[in-house]
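Take a look at the letters that make up each chain.
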Amino acid sequence: MRRRPDGGTPRAVTDLPPSSAPPSDAAGLPARAAALDLLTAALSGRAGMDEGLSHPALAALPARDRAFARALVLATLRHLGPIDAALQGRLKKPPPDRVVQVLRLGVAQLFLLQTPPHAAVGTSVDLVARDRGSQMFKGLVNAVLRGLSREPPALDDPDLLAPGWLHARWRAAFGADEARKIAAMIAQEPATDLSFKDPARAEALAAELEGQVLSGGTLRSARRGDVATWPGFAEGDWWVQDASAAIPARLLAVQAGETALDLCAAPGGKTLQLAAAGAAVTALDRSAPRLKRVAENLARTGLSADTVAADGATWPDKRSFDAILLDAPCSATGTFRRHPDVLWAAKPSDVAGLAAVQAKLLDAAAKRLKSGGRLVYCVCSLEPEEGEGQTAALLARTAGLALDPVAAGEGGAPAAGVRPDGTLRILPHHLEGGTDGFYVARFRKG
Ligand SMILES: C[S@@+](CC[C@H](N)C(=O)[O-])C[C@H]1O[C@@H](n2cnc3c(N)ncnc32)[C@H](O)[C@@H]1O
């Protein structure tokens, strides 16, 4: 199982280059070859999109080609189900994997990036011609893409956008209507959400950042491109964090001087929120390399926290805390808007394995709470075993722990996501323009 992509990642780039027009035909083949590598790695589960972006083939490209490759792969992954359905209608038997990936990228260029057909088809044929094992499929690639270019397929059917097993799970958990609404969000490109160290700065920078301040304080920016060049980044005013991902730390409502433990902290979006609220924060994560990113983000924003590399389930430290945040490792199916690869790399068996890890971390967190202390458990998953199931089991086995219900609007919680027991089940369509799917529960120790 790959590690989940970050719920609150201060990432450096957004999806599309400032201009998403494809590069010239002459410059296009290396960009498409890099896209092929990236798509293949993402779908094989070897690397997520973010890890894949540091692939040498991609890193060596000029910025504009790199941005094109990234935009092409994201567009392909966001429409993979309908693209495959369109291809299946034209293939008598499945060609080798590399040819399939080239065809997928070709369809995305034709209908999603509006690449001129001669460029989309020509470069796709060139890509298969480059490889001895797939050379013989040049004619097939040419015929399939030319055929499709004459009869454009529909690429946004919600019944096809998610893998069948996940769509069936969402139908069982939320009903057929909600499952279709969730799936429809897969095709949509997300805006960039920013969390501010000082809420007053969000208002002050809103116009420059082409943004709108949402309930809860997140600024949703319509800008694109490298966020490191945006106003306020160098000054450490804000970090990139999805609107839903910013809600759990707000619900802890830490006060200056309180002790707070972020038990799965990296890369640090929620640690930054807790530190900005004035708590004395311990940011723990099992991964030392990922903790480095927490330290970098703290340094950029001028905030402070103690960082600890340890397993949160077995950390031998004896301290207890006023407030604990457990943003647990999960299948991350709620993050498909920014990381559409998770949908296609996830397997049914991942959910059970990660649910077991979450149960151990929840027990460890509950034990470290002071009397009267608050625990917020959250996951960016849409799967009930990683949300409702964990809450019910934790309450059943932990004396003295009770749910502390969340009210609609608290911390930016969308009313549609508030359950009768006061937990949150935020679905991607619960916020206008979309948001990551999250489950959030707040507990208090008696
Ligand atoms: C969902 S991410 C955390 C995102 C982070 N809270 C943020 O807002 O930026 C989950 C993190 O849990 C960490 N992790 C996984 N298992 C762990 C364990 N047993 N103990 C501590 N950290 C763990 C992973 O390394 C990963 O960084």
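Note that the structure is predicted; figures quoted are calculated from it, not measured.

Criteria and cut-off values
Residue positions are given per chain, counting from 1 as you read along its sequence in written order. Reporting in this predicted model follows two pLDDT cut-offs: at least 70 for local features of residues, and 80 or more for side-chain atom pairs to be given and counted; totals over whole chains, interfaces and linings ignore these cut-offs and use all residues. Defined on buried residues, the nonpolar core groups Ala, Val, Leu, Ile, Met, Phe, Trp, Tyr and Cys residues joined through C-beta atoms within 7 Å. The exposure scheme places C-beta atoms from the backbone and then counts, for each residue, the other C-beta atoms within 10 Å of its own, assigning buried at 20 or more, exposed at 12 or fewer, and partly exposed in between. Residues are scored as being in contact if the C-beta atoms we place from backbone atoms lie within 7 Å. Source of the domain bounds: an automatic or database domain assignment. Counting from the N terminus, the helices are DSSP H or I runs at least four residues long and the strands are E runs at least two residues long. In this count, Pro and Cys sit with the nonpolar residues alongside Ala, Val, Leu, Ile, Met, Phe, Trp and Tyr, while Asp, Glu, Lys and Arg are called charged and the others, Gly among them, polar. It is the directions from the helix axis to the C-beta atoms whose arc is reported. Interaxial angles span 0 to 180 degrees and are taken between N-to-C directions of axes, which are lines fitted to C-alpha atoms, for helices over the stretch in contact. Oblique is the label for every angle not falling under 35 degrees (roughly parallel), over 145 degrees (roughly antiparallel), or within 65 to 115 degrees (roughly perpendicular). DSSP-based pairing: two strands are paired if at least 2 bridges between them are found. Here, the term right-handed applies to a crossover whose path from the first strand over the helix to the second runs clockwise when the strands point away from the viewer. In this scheme, a crossing is called left-handed if the near helix is turned counterclockwise away from the far one by less than a right angle; it is called right-handed if the turn is clockwise.

**Q** Even after reading the chapter, I still don't get the nonpolar core, so can you show me in this structure?
**A** Soluble, globular proteins show a tendency: their nonpolar side chains are buried together. Within the largest apolar cluster, 132 residues are counted, with the highest numbers of intra-cluster contacts made by Ala 35, Ala 260, Leu 274, Ile 324, Leu 326 and Val 440. Once residues within four sequence positions are removed from consideration, Ile 324 is found in contact with Leu 261, Leu 263, Ala 365, Arg 368, Leu 369, Gly 373 and Leu 375.

**Q** What is the right way to read the domain arrangement of the protein from this model?
**A** Where interface size is quoted, it is often the accessible area lost as the parts come together. Entries for the protein in the domain assignment read domain 1 (25-150), domain 2 (158-187) and domain 3 (241-445). A separation of 37 Å is found between the C-alpha centroids of domain 1 and domain 3. On the side of domain 3, five residues touch domain 1, which itself brings nine residues to the contact. Elements represented by at least two residues in the side of domain 1 that touches domain 3 include exactly α1 (25-44) and α4 (63-78). Ranked by residues supplied to the side of domain 1 that touches domain 3, first place goes to α4 with three residues. Each residue belonging to the side of domain 1 that touches domain 3 can be placed in one class, and the counts come to six nonpolar, two polar and one charged.

**Q** Help me understand helix α10 (residues 164-174), please; the structure alone is not making it clear to me.
**A** Working note: α-helix, 3.6 residues per turn, so residues spaced by three or four point in the same direction. Listed as buried for α10 are Leu 166, His 167, Arg 169 and Trp 170. What you see down the axis of α10 is that its buried residues fit within an arc of 160°, all on one side. Among the exposed residues of α10, those pointing more than 90 degrees away from its buried face are Gly 164, Trp 165, Ala 168 and Ala 172. Each element contacted by the buried residues of α10 is listed here: α11 (176-184) and α16 (341-345). Positive phi appears at Gly 175, one or two residues downstream of α10, with a value of about 95°.

**Q** Please explain unusual backbone geometry as it appears in this structure.
**A** Residues apart from glycine generally show negative phi values, whereas peptide bonds are mostly found in trans. Looking along the chain, the bond that leaves Ala 266 and enters Pro 267 is cis, with omega of 5°. Topologically, Pro 267 is positioned in the loop between β5 (259-262) and α14 (269-276). Unlike most non-glycine residues, Gln 114 shows phi in positive territory, near 55°. With respect to the helices and strands, the residue Gln 114 is situated in the loop between α6 (97-111) and α7 (117-129). The phi dihedral of Ala 253 is positive, around 45°, even though this residue is not glycine. Mapped onto the fold, Ala 253 is located in the loop between α13 (247-252) and β5. For Ala 253, a count of 14 C-beta atoms within 10 Å gives the class partly exposed.

**Q** Just checking my understanding: could you explain the packing of α6 against α7 for this structure?
**A** α7 packs onto α6 with a crossing angle of 170° between their chain directions and a minimal axis gap of 9 Å. With respect to α7, the element α6 is oriented roughly antiparallel. Within the contact between the two elements, α6 uses Val 99, Val 102, Leu 105, Gly 106, Gln 109 and Leu 110 and α7 uses Pro 117, Ala 120, Val 121, Ser 124, Leu 127 and Val 128. Of the residues in the contact of α6 with α7, the class split is nine nonpolar, three polar and no charged.

**Q** Teacher, can you tell me more about the sheet that holds strand β1 (residues 192-196) here?
**A** Backbone-to-backbone hydrogen bonds join strands into a sheet, with any given pair of strands oriented parallel or antiparallel. Within the open sheet, the four strands sit side by side as β2-β3-β1-β4. Their pairing is antiparallel. Both edges of this open sheet fall to β2 (211-213) and β4 (238-240), since each of them pairs with a single strand only. Across the sheet, the mean angle from the axis of one strand to that of its neighbour is 30°, orientation sign disregarded. Of the pairings in the sheet, the one linking β2 to strand β3 (residues 219-221) comprises three bridges and is antiparallel in character. The partner of Val 213 across the bridge, within β3, is Leu 219.

**Q** Quick question: what am I supposed to make of the environment of Lys 360 here?
**A** Counting through the fold element by element, Lys 360 comes out in helix α17 (residues 348-367). Lys 360 sits in the partly exposed class, given 14 other C-beta atoms within 10 Å. Each C-alpha atom of the pair Lys 360 and Ile 324 lies 15 Å from the other, and the pair is 36 residues apart in sequence.

**Q** Can you walk me through the pairing of strand β6 (residues 280-285) in this structure?
**A** As a general feature of sheets, a regular strand has side chains that alternate between the two faces. When you tally the buried positions in β6, you get five out of six residues, the bulk of the element. Pairing of β5 with β6 involves four bridges; the strand directions are parallel. What sits directly across from Leu 261, in β6, is Thr 282. As for the winding sense of the linkage, the β-α-β connection from β5 through α14 to β6 is right-handed. Where β6 meets strand β7 (residues 306-309), four bridges bridge the pair, whose relative direction is parallel. By the bridge assignment, Leu 284 is partnered in β7 with Val 308. Following the backbone out of β6, through helix α15 (residues 288-301) and into the adjacent parallel β7, one traces a crossover that is right-handed.

**Q** Would you mind showing me how to read the pairing of β1 here?
**A** Within β1, five of the five residues are buried, which leaves it mostly tucked inside the rest of the structure. When β1 meets β3, the two strands line up antiparallel, connected through three bridges. Paired with Leu 194 across the strands is Leu 219, a residue of β3. As defined by bridge partners, β1 adjoins β4 across three bridges and the pair is classed as antiparallel. Within the sheet, the bridge partner assigned to Phe 196 lies in β4 and is Trp 238.

**Q** When you look at the packing of α10 against α11 in this model, what are you seeing that I'm missing?
**A** If you want to describe how two helices pack, look at the angle between their axes and the distance between the axes. Relative orientation of the contacting elements α10 and α11 amounts to 135°, with a least axis distance of 7 Å. Relative to α11, α10 is oriented oblique. The handedness of the crossing between α10 and α11 is right-handed. Taken together, the residues of α11 that come into contact with α10 (itself represented by His 167, Trp 170, Arg 171 and Phe 174) are Ala 176, Glu 178, Ala 179, Ile 182 and Ala 183. Looking at the contact of α10 with α11 residue by residue, the class counts come to six nonpolar, one polar and two charged.

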